[in-house]
Amino acid sequence: MIHKYKMHGRNIVVDVNGGAVHVFDDISFDILDYYKDKNKEEIIEILSKYDASDVSDCYDEIENMEKNGLLYSSDDYIDFDAIKNKEPVLKAMCLHVVHDCNLKCKYCFASQGDFGGHKAYMTEEVGKKALKYLVDHSGTRKALEVDFFGGEPLMDFPLVKKLVEYGNKIAEENGKYFRFTITTNGVLLNDEIIDYINENMHNVVLSLDGRKEVNDEMRPTLNDKGSYDIIVPKYQKLISKRGKKSYYVRGTFTKNNLDFSKDLELFRELGFNLSSVEPVVDPDNNPYAITEEDLPVILKEYEDYAKTYADLQVEGDPFKFFHFMVDLSQGPCILKRVSGCGAGCEYVAVTPEGDVYPCHQFVGNEDFKMGNILDEDFTMPEETQKLFGSAHVFEKEDCKDCWNKFYCSGGCHANAYNFNGDIHKPYEVGCEMQKKRTECAIYTEVEKMLKDS
């Protein structure tokens, strides 16, 4: 399988199964439309606008590339035993330290922090039991991932510190180590917390929706004031002191700001060099929801910004947009490519009460509750692990023949379920946006490679 597309004057061809990326001239690019169905003579006749000898030479080159596995390479990954008989090993956990929040974000999937339930704060017992369970069920894995999440986790900063200390202790005792992340809206950041995060958190996710008017409309404080002026200086201070450690300033765009490239430009101006702006995911009847009718504008916005972003990368600008980043030389292993985040088998979320769910976006859906971490005999249910473990791209009908399957890994299980009632049926609007982002990411890498060649 191949995927061919044009972007900003480049004819780009992706060998889907092998991962090779090529830039073709116009003749070769056009030949590909007929290469698998017509012989050379027929193609020469069809492409009579070109010189026959040129078409012949290009055809021979394509044929040679195919023989050398650079085009139309075979897809035999499904036969890999590691995919067919994958053993689930827990490697990551999302700890919902607090089901409460000090902002009232209008699009919040967590219902302003309580996930449709009641406000709650995790106990030290729940947090420690969760970390111990992760260590005990992580097999031979050395590096374990934990995200302190909410609501707003800094509303119980003392517990975060206790759990980091405890986690590091038990990890060391078992020859492992934790990579902690914290996701925060920034309101409670101060010098003490900033220093602690920078010292102890492998990654930090800082929520901000971009331009002041956009952010303050969607992310008001509890007294309905804007949050932009409160948090931006704190983010700048944290990032200036963070050095080379990872972070992301993460925004959300809605139907009301489809010109989200302007928010990315602001992030860059503010010095937020590791940034992302994600599309909101809400039911179509939500006034902020992105629907199919918005796709033409969104796809054009991505493609237009790809030219700006590629130019920045060619010039060596440090700014990075998460969705336009792709590793064409190595990238994730095939297991990661076909199965994605590992929700429900390699990754789980734990609520303040200790309830366990496949991921943070399933929290509150009792159909997906996997048990409670405080139960003496708790173990992740095999039925749920098998359900999510089998939800890879070869088991999703819409993914099997999709050129983007090894880049998106089948999309988000929660989005699939929330829109289609089935984790095996991807969220179509999300698919279209993901395909365009992949094309833009590959285009960026092509520009960088051509500059270096």
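Above this text you will find the structure in question.
Residues numbered from 1 in each chain as written. Predicted model: local features only at pLDDT ≥ 70, side-chain atom pairs only at ≥ 80, totals over all residues. Heavy atoms only, no water.

A. The arrangement of the sheet that holds strand E7 (residues 143-149) in detail. Across the sheet, which stays open at both edges, the 10 strands sit in the order E12-E11-E10-E9-E8-E7-E4-E13-E14-E15 with mixed pairing between neighbours. Pairing within the sheet leaves two strands with one partner each, and these edge strands are strand E12 (320-321) and strand E15 (371-372). For strand E8 (residues 177-184) and strand E9 (residues 203-207), the ladder comprises 4 bridges, and the chain directions are parallel. Note that in E9 the partner of Thr-181 across the bridge is Asn-203. (Pairing = 2+ DSSP bridges. Helix = DSSP H or I, 4+ residues; strand = E, 2+ residues; numbered from the N terminus.)

B. Representation of the sheet that holds strand E3 (residues 21-23). Taken in spatial order, the 3 strands make up an open sheet running E1-E2-E3, and their pairing is antiparallel. In this open sheet, the two edge strands, each paired with only one partner strand, are strand E1 (2-7) and E3. The sheet shows a mean angle of 20° between the axes of neighbouring strands, taken without regard to direction. Relative to strand E2 (residues 10-15), E1 runs antiparallel, the two sharing 6 bridges. Pairing of Lys-4 across the sheet is with Val-13, part of E2. (Axes fitted to C-alpha atoms, helices over the stretch in contact; angles between N-to-C directions.)

C. Structural context of the pattern of salt bridges. Per the counting criterion, the structure on display carries 35 salt bridges. Between Lys-4 and Asp-33 there is a salt bridge, with the nearest N and O atoms lying 3.0 Å from each other. Taken as a pair, Lys-4 in strand E1 and Asp-33 in the loop between helix H1 (26-31) and helix H2 (40-46) lie far apart in primary sequence, 29 residues in all. A residue is classified by how much of its surface remains accessible, and Asp-33, at 45% relative accessible area, is partly exposed. Across the pair Lys-307 and Asp-311 runs a salt bridge whose closest N-O atoms are separated by 3.0 Å. (Salt bridge = Lys/Arg side-chain N within 4 Å of Asp/Glu carboxyl O. Buried < 20%, exposed > 50% of the residue type's maximum accessible area, 1.4 Å probe, protein only.)

D. Structural context of unusual backbone geometry. With an omega dihedral of 10°, the bond running from Gly-150 to Gly-151 counts as a cis peptide bond. In this structure, Gly-151 sits in the loop between E7 and helix H6 (157-173). Non-glycine residue Asp-224 carries a positive phi angle of around 65°. Inspection of the secondary structure puts Asp-224 in the loop between helix H8 (212-218) and helix H9 (228-242). Positioned with a positive phi, Ser-409 is a non-glycine residue whose angle comes to about 60°. When you line up the elements, Ser-409 lands in the loop between helix H15 (405-408) and helix H16 (413-420). Judged by relative accessible area, Ser-409 falls into the buried class, the value being 9%.

E. Structural view of a negative patch on the surface. Judged by side-chain charge, Asp-25, Asp-26, Asp-51, Asp-54 and Asp-57 come together as a negatively charged surface patch. Residue position: Asp-51 is located in the loop between H2 and helix H3 (52-67). (Patch = residues over 30% accessible without salt bridge, like charges linked within 9 Å, V, L, I, M, F, W, Y side chains within 5 Å. Areas by Shrake-Rupley, 256 points an atom, 1.4 Å probe, with all protein chains shown as cover. Lys, Arg positive; Asp, Glu negative; His and termini not counted. Charge placed at Lys NZ, Arg CZ, Asp CG, Glu CD.)

F. Fine view of the packing of aromatic side chains. In this structure the tally under the stated criterion is 23 aromatic pairs. With centroids separated by 5.2 Å and ring planes inclined at 50°, the aromatic side chains of Tyr-35 and Tyr-59 adopt a geometry described as tilted. Remark: Tyr-59 occurs in helix H3 and Tyr-35 occurs in the loop between H1 and H2; sequence separation between them is 24 residues. With respect to class, Tyr-35 is no different from Tyr-59; both count as buried. Between Tyr-235 and Phe-272 the ring centres are 6.4 Å apart and the planes differ by 70°, which places this aromatic pair in the edge-to-face class. Taken together, the residues span a long stretch of sequence, with Tyr-235 in helix H9 and Phe-272 in the loop between helix H10 (261-269) and strand E11 (274-279) at a distance of 37 residues. Side by side, Tyr-235 and Phe-272 carry an identical accessibility label, which is buried. In textbook terms, an aromatic cluster arises when at least three aromatic residues are bridged by ring pairs, as seen for Phe-253, Phe-260, Tyr-302, Tyr-305, Tyr-309, Phe-321 and Phe-324. Sitting over the ring of Phe-29, Lys-4 keeps its end group 3.7 Å from the ring centre. Taking the ring centre of Tyr-72 as reference, the NZ or CZ of Lys-36 above it sits at 4.5 Å. (Phe/Tyr/Trp six-rings, centres within 6.5 Å; stacked < 30°, edge-to-face > 60°. Lys NZ or Arg CZ within 6 Å of the ring centre and 35° of its normal.)

G. The arrangement of the packing of H10 against helix H11 (residues 295-314) in detail. It is at 10 Å that the axes of H10 and H11 come closest, and there the two elements cross at 25°. Here H10 is positioned roughly parallel relative to H11, judged by the angle of their axes. Taking contact as the criterion, the partners of Ser-261, Lys-262, Leu-264 and Arg-268 in H10 are, on H11, Glu-301, Tyr-305 and Leu-312. For the contact of H10 with H11, the per-class residue count stands at 3 nonpolar, 1 polar and 3 charged. (Parallel < 35°, antiparallel > 145°, perpendicular 65-115°, else oblique. Contact = heavy atoms within 4.5 Å. Nonpolar A, V, L, I, M, F, W, Y, C, P; charged D, E, K, R; others polar.)

H. Representation of the side chain of Ser-276 within the structure. As for its placement among the helices and strands, Ser-276 is situated in strand E11. Given the relative accessible area of 3%, Ser-276 is considered buried. With residues up to four places along the chain from it excluded, the contact list for Ser-276 reads Tyr-248, Val-249, Arg-250, Gly-251, Phe-267, Phe-321, Phe-322 and His-323.

I. Region of the structure containing the pairing of E8. The buried fraction of E8 is high, at 6 of 8 residues. Of the strand pairs in this sheet, E7 and E8 are connected by 6 bridges, and their pairing is parallel. By the bridge assignment, Asp-147 is partnered in E8 with Thr-181. The β-α-β motif built from E7, the intervening H6 and the parallel element E8 has right-handed crossover chirality. Between the parallel elements E8 and E9, the chain passes through helix H7 (residues 191-200) in a crossover that is right-handed. (Right-handed = clockwise from strand over helix to strand, strands pointing away.)

J. View of the nonpolar core. In this structure, Leu-95, Phe-148 and Phe-178 are the most contacted members of the largest nonpolar core, which totals 92 residues. Broken down by element, this core gets its largest block of residues, 8 residues, from H6. Setting aside residues no more than four positions away along its own chain, Phe-178 makes contact with Leu-131, Leu-134, Val-135, Leu-144, Val-146, Gly-167, Asn-168, Ile-170 and Ala-171. In terms of nonpolar packing, the next biggest core, distinct from the first, is built from 18 residues, Phe-29, Ile-43, Tyr-50 and Val-55 among them. (Core = buried A, V, L, I, M, F, W, Y, C linked by side-chain atoms within 4.5 Å.)

K. View of the environment of Lys-435. Note that Lys-435 resides in helix H17 (residues 428-452). Note on Lys-435: relative accessible area 23%, which makes it partly exposed. Put simply, Lys-435 and Lys-405 are 30 residues apart on the chain and 9.2 Å apart in space, counted from C-alpha to C-alpha. Excluding residues within four positions of it along the chain, Lys-435 makes contact with Cys-402, Trp-403 and Asn-404.

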